[in-house]
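Inside the fold
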Amino acid sequence: MSAMLLEVEQLSKSFGGVQAVQRVSFGVKKGDIVAVIGPNGAGKTTLFNVISGITPPTDGVVRFRGMTVNGKRPDELAMLGMTRTFQNLQLFADMTVLENVMVGYHPRLKSGIISAGFRLPHTVKEEKRAREEAFACLEQVGLVDLAMEQVGTLPYGIQRLVEIARAAVSRPSLILLDEPMAGLNPQESKQLVDVWLAMREQGITFLFVEHDMETVMSVADRIVVLDYGQKIAEGTPEEIARHPDVIKAYLGEEEAAPC
Amino acid sequence: MEAWSQFVQLLFSGLTIGSIYALVALGFVITYSVTGILNLAQGDFAMLGALICIALVNSGVPFVLAIGLSMMAAMVIGGLFERLAIQPARHSSVAVLIIITIGASFVFRGIALLVWGTDPYALRPFAGGGSLSMFGAVLQWQSVWAIVISLASFIGLHLFFHRTYFGKAVTACVINPFAARLMGIDIRKMSLGAIAVSAGLGALAGIVIAPISGASYDMGIMIGLKAFIAAVVGGLTNAPAAIAGAFLVGLLESFAEGYLSSGYKDAVSFGLLLLVLFVMPNGLFAKMTGKRV
Amino acid sequence: MERDERIKGGRRRLVLLVLVAAWLGFPWLVAGNNYLLSTLIIIGVYALVSTGMTLLMGYAGQISLGQAAFYGVGAYTSAYLTAHAGWPPWLAMAVGAVLAALVAFVVGIPVFRLREHYLALATLGFGVIMFTLFKEWEAITGGLNGFFGIPPISVLGMSLQTDIQFYYLVWLFVLAGLWFAHNIVRSRVGRALRAIHGSEVAASSLGVNITKYKLQIFMLSAMYASVAGSLYAHYVTFINPDLFGIVPSIYFLIMVVIGGTAGVWGGLVGAAVYVCLGEWLKAVVPILMPDAGGEFEIVFFGLLLIIMLIYMPSGLTGAVQKGMKRFRTTAGSQTGTTATTERHEARSIGGGNG
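Residues numbered from 1 in each chain as written. Chains lettered and ligands numbered in written order. Predicted model: local features only at pLDDT ≥ 70, side-chain atom pairs only at ≥ 80, totals over all residues.

**As for the overall build of chain B**
What chain B contains, in helices and strands, is 11 helices and two strands. Reading chain B from its N end, one meets helices and strands in the order α-α-α-α-β-β-α-α-α-α-α-α-α. The C-alpha radius of gyration computed for chain B amounts to 19 Å, which stays within 12% of the reference 19 Å derived for 293 residues, consistent with globular compactness. Seen through its C-alpha atoms, chain B measures out along the principal axes to roughly 60 × 45 × 35 Å. (Helix = DSSP H or I, 4+ residues; strand = E, 2+ residues; numbered from the N terminus. Rg over C-alpha atoms; globule rule 2.2 N^0.38 Å.)

Here it is as structure tokens:
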């Protein structure tokens, strides 16, 4: 019996001969903000890709809301309440901000090709609801004024916000964020963190990968540290800051760097 | 003994047409490896080579010179095609580039139709007509030429790519265009060169097969598509596999035509294509455009 | 913004009304000129095929180089069932559509797992195989000699024999097809398709089942083509395999490229331009080049295809859309933002330069 929303048990992933993730285990409690950190190449993004269904694990178990979800497709996971953002921003560049976010509402709608094509009454109602929810979400992140802009034309910081709004509009239980702070200036970072915290108030749990230590330390409830594909530490920010293995992993990387 | 001689006959014709497909398939592989483009107009270079050669020979140009000139003409046409149709669209998606090559194929065919009409033309065999008897079947000398010329081309190209500096430069472009550019290799010249060479190979194929099956404005479509299937069997970047695939397609077709009916022979080849596409796991393809997330 | 929307909606409805009135009155305008009527009938038939293809290629971003095969399925099914089995034409048409959808389903499952150029190739291969089937299955299709004597279609007991009657029927279908497509585009399904075209991995992570939607839209486009084929068969009463091979498939593709993807009506625009250009060529070419036959058409359309893809990848509708946007911004009516709530436009097939 666990109150864990997400559980990862002995998870491994290898590509050919390369062991990207080795027997990693940890849990994410509902309502928490959990960070995964580690030096470059530690396997963080691979871990994310396995959890979010983009690639299947070589070994181990992923449990979400008590169910084993190994090998489920990303769209199936989204239907169960897990969405994600991407390190290199995967927005739909030719659609407007509003349209992008409305796509995010997909799991909460039901119209199929036939009811949509014949414009049945329940489709009309659904569309109205989708727009309302999308606008509400945009309001929450402060982007209502830009709703009709094509996302490809917007500044990077705004695009990041759109992506998270898109991932959150369907009120998922868990959102995975892959390096959400990458490329943001301090002001934009703060804006994003405020959005997170507001969403957490509404019951969304976050698991994120990040390099920006300041953000991680100030925002995360728990931190999981990976190095060379293995978990080397897990705990609160204070515990991690003092953890000898963590310090060695990061400093060791510095020592090995050429002058 | 009749069944045996029929088998051998079909075997010979399969090997003959297979060697033609192999030349064209090689052109596909070279183009795709260097530029990443699937050139669906590749088969039409065979048609252009054959028809131009016939025109030259008929106006009195010495035979061997005519072959050389028509190959060069095809290469020039290929180069123009690359500069005018491919380069301006080089930032477009793969889908667009494929459709552009289809458009080019239409243009080549239409021009051929305008110049030469719908009638088939004949080219005299290379060393006079005649044939030899082997194992109870008849093998035309021209078929022997076809197979020999193809094999010679393969060996020549192999030596070129592996022994000469220029050839290795092309290989470098394929493996890592960025690094190649750092080393001073001009990618755009490579693209032009690749398509020109492929055009030359295609033209040679058309010239070699013309004495056997004639030449007409629409001969390129099927030759191109069959050679394409061969290239796909090899994974689009593997030349030896493409050559093997070409002979496989040629033999399959020949036997289908002989034992089933000629109408179905196209379907058999395309059935092979679909089989290969569906069964070969995606991971074997060299230039996969995967997205790093 | 609400008021602007209402104005725009009103303006759009007016345009629609004018077009519908023009459609209804056209035969009277041209005093029953059969040549013009039959041209418009053909445009309508092609528009059905290309509208389905616009959904598939423009919105979902999937290439089909063998669409004429489905056109053929509809044509031959209607032909065979009505001529040889005595079935009522509407039932035969429906069966044709279901058959086409089934074929699309069976072919689509393996094909949509392939990437980019392999997908294009597989549809090409499929097209060739179907063409071979049409050619060889003589018992059903009559082979290369063609299928003669297709009975006419009838509405409410009245058999449709004249061009005027067929004109209204075909365009009723076109309007219905456009309406259906328009509804799809402005729904969850349409957004899912555009999302797939934009970024498959992101679409998937948001709950869009990629394969399901690709398959469904492929099947829908097949049904559009099949219905068009059935209508065509009943109109010309004679069909042969050459109408359903690779070259017609590419011509349908050209229609989609010409028309563009800024709206579902791109297919209609492309079909109209293609047919009109073809007719213009037939009239003009014999004067300029007396020896040239229909071959010039191939060269012309091949060149057109290349030029459009390089310089106008979003097609005519895309160019018009861009022109209108520029007009609106220079006129200072809005601060550069569009007044509509959603734009429903698809990416160009090229995706990049637009």
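Next comes the rest of the description.
**Observations regarding the overall build of chain C**
Along the backbone of chain C there are 14 helices and two strands. By residue count, 52% of the 354 residues in chain C fall in the buried class. Relative to all contacts within chain C whose residues are 6 or more apart in sequence, the contacts with residues 24 or more apart total 78%. (Buried ≥ 20, exposed ≤ 12 C-beta atoms within 10 Å, placed from the backbone. Contact = placed C-beta atoms within 7 Å.)

**Observations regarding the pairing of strand S10 (residues 230-235) of chain A**
Residues and elements named next belong to chain A. By the bridge criterion, five bridges tie strand S9 (residues 222-227) to S10 in an arrangement that is antiparallel. In the sheet register, Ile223 faces S10, and the bridge partner there is Gly235. Following S9, the chain reverses through two residues before pairing antiparallel with S10; Tyr228 in that reversal takes a positive phi of roughly 50 degrees. (Pairing = 2+ DSSP bridges.)

**Considering the interface of chain C and chain A**
Every contact between the two is made by 27 residues of chain C and, on the other side, 36 residues of chain A. Examining the composition of the side of chain C that touches chain A, we find that seven residues originate from one element, helix H8 (residues 188-198) of chain C, more than from any other. Taken together, the residues that form the side of chain C that touches chain A break down as 10 nonpolar, 11 polar and six charged. (Nonpolar A, V, L, I, M, F, W, Y, C, P; charged D, E, K, R; others polar.)

**Focus on the confidence of the model for chain B**
Close inspection of predicted coordinates is inappropriate in any region flagged by low pLDDT. Looking at chain B as a whole, its pLDDT mean stands at 82, while 91% of the residues score no less than 70. Predicted confidence is poor over residues 281-293 of chain B, with pLDDT under 50, and the contacts of this stretch with residues over four places away or in other chains come to 19 contacts. (pLDDT = per-residue confidence, 0-100.)

**Details of the sheet that holds strand S2 (residues 18-29) of chain A**
Residues and elements named next belong to chain A. Strand order in the open sheet formed by four strands is S2-S1-S4-S5, with antiparallel pairing between adjacent strands. Of all strands in the sheet, those bounded by a partner on one side alone are S2 and strand S5 (67-68). In this structure, strand S4 (residues 59-64) lies alongside S5, joined through two bridges in antiparallel fashion. Along S5, the bridge assignment pairs Arg63 with Thr68.

**Brief notes about the interface of chain C and chain B**
Tallying the contact residues gives 37 residues for chain C and 39 residues for chain B. Taken together, the elements giving at least two residues each to the side of chain C that touches chain B come down to helix H5 (116-136), helix H11 (246-259) and helix H13 (295-311) of chain C. Take the side of chain C that touches chain B: its biggest share by element is 12 residues, from H5 of chain C.

**Describing helix H11 (residues 265-279) of chain B**
Taking 1.5 Å per residue as the helical rise, H11 of chain B with its 15 residues ought to reach 21 Å, and the 21 Å between its terminal C-alpha atoms agrees with that figure. Turning to H11 of chain B, its buried residues number three or more, namely Lys265, Asp266, Ala267, Ser269, Phe270, Leu272, Leu273 and Leu277 of chain B. (Expected span 1.5 Å × (residues − 1).)

**Let's talk about the environment of Ala195 of chain C**
Structurally, the position occupied by Ala195 of chain C is in helix H8. C-alpha of Ala195 of chain C to C-alpha of Tyr59 of chain C: the two residues are 136 residues apart in sequence and 8.8 Å apart in space. The contacts of Ala195 of chain C, once residues within four sequence positions are left out, are Phe92 and Val103 of chain A together with Ala202, Ala203 and Val208 of chain C.

**Quick look at the confidence of the model for chain C**
Residues and elements named next belong to chain C. Looking at chain C, the pLDDT average stands at 85 and 88% of residues meet or exceed 70. By mean pLDDT, strand S2 (residues 158-159) is the weakest element of chain C at 73, and helix H10 (residues 210-236) is the strongest at 95. The low-confidence segment residues 332-341, where pLDDT is below 50, has 14 contacts with residues more than four positions distant or belonging to other chains. Prediction confidence for the complex, expressed as pTM and ipTM, is 0.88 and 0.89 respectively.

**Re the nonpolar core**
Within the largest apolar cluster, 280 residues are counted, with the highest numbers of intra-cluster contacts made by Ala165 of chain A together with Val24, Ala25 and Ala230 of chain B. Broken down by element, the residue count for this core peaks at 16 residues, all from H10 of chain C. Residues from two domains meet in this core; each of domain 1 (1-81 + 172-259) and domain 2 (91-171) of chain A gives at least three. Not counting chain neighbours up to four residues away, the residues in contact with Ala230 of chain B comprise Tyr21, Ala22, Ala25, Ala242, Gly245, Ala246 and Val249 of chain B. (Core = buried A, V, L, I, M, F, W, Y, C linked by C-beta atoms within 7 Å. Domains from an automatic or database assignment.)

**What to know about helix H4 (residues 94-116) of chain B**
For H4 of chain B, which comprises 23 residues, the first-to-last C-alpha distance of 33 Å matches the rise-based estimate of 33 Å (1.5 Å per residue) to within 8%. Extensive coverage of H4 of chain B is indicated by the burial of 19 of its 23 residues.

**Some remarks on unusual backbone geometry**
Residues and elements named next belong to chain A. Residue Arg65 is not a glycine yet carries a positive backbone phi of 50 degrees. Looking at the secondary structure, you find Arg65 in the loop between S4 and S5. Residues other than glycine seldom take positive phi values, yet Tyr228 does so here, at roughly 50 degrees. On the basis of neighbour counts, which here come to 15 C-beta atoms within 10 Å, the residue Tyr228 falls in the partly exposed class.

**Considering the packing of helix H10 (residues 239-259) of chain B against H11 of chain B**
All names here are of chain B. As a packed pair, H10 and H11 sit with axes 8 Å apart at the nearest point and diverge in direction by 145 degrees. Regarding H10 and H11, the two cross each other, and that crossing is right-handed. In contact with Val249, Leu252, Glu253, Ala256 and Glu257 of H10, H11 contributes Lys265, Val268, Ser269 and Leu272. The class makeup of the residues in the contact of H10 with H11 is five nonpolar, one polar and three charged. (Axes fitted to C-alpha atoms, helices over the stretch in contact; angles between N-to-C directions. Left-handed = near helix turned anticlockwise from the far one by under 90°.)

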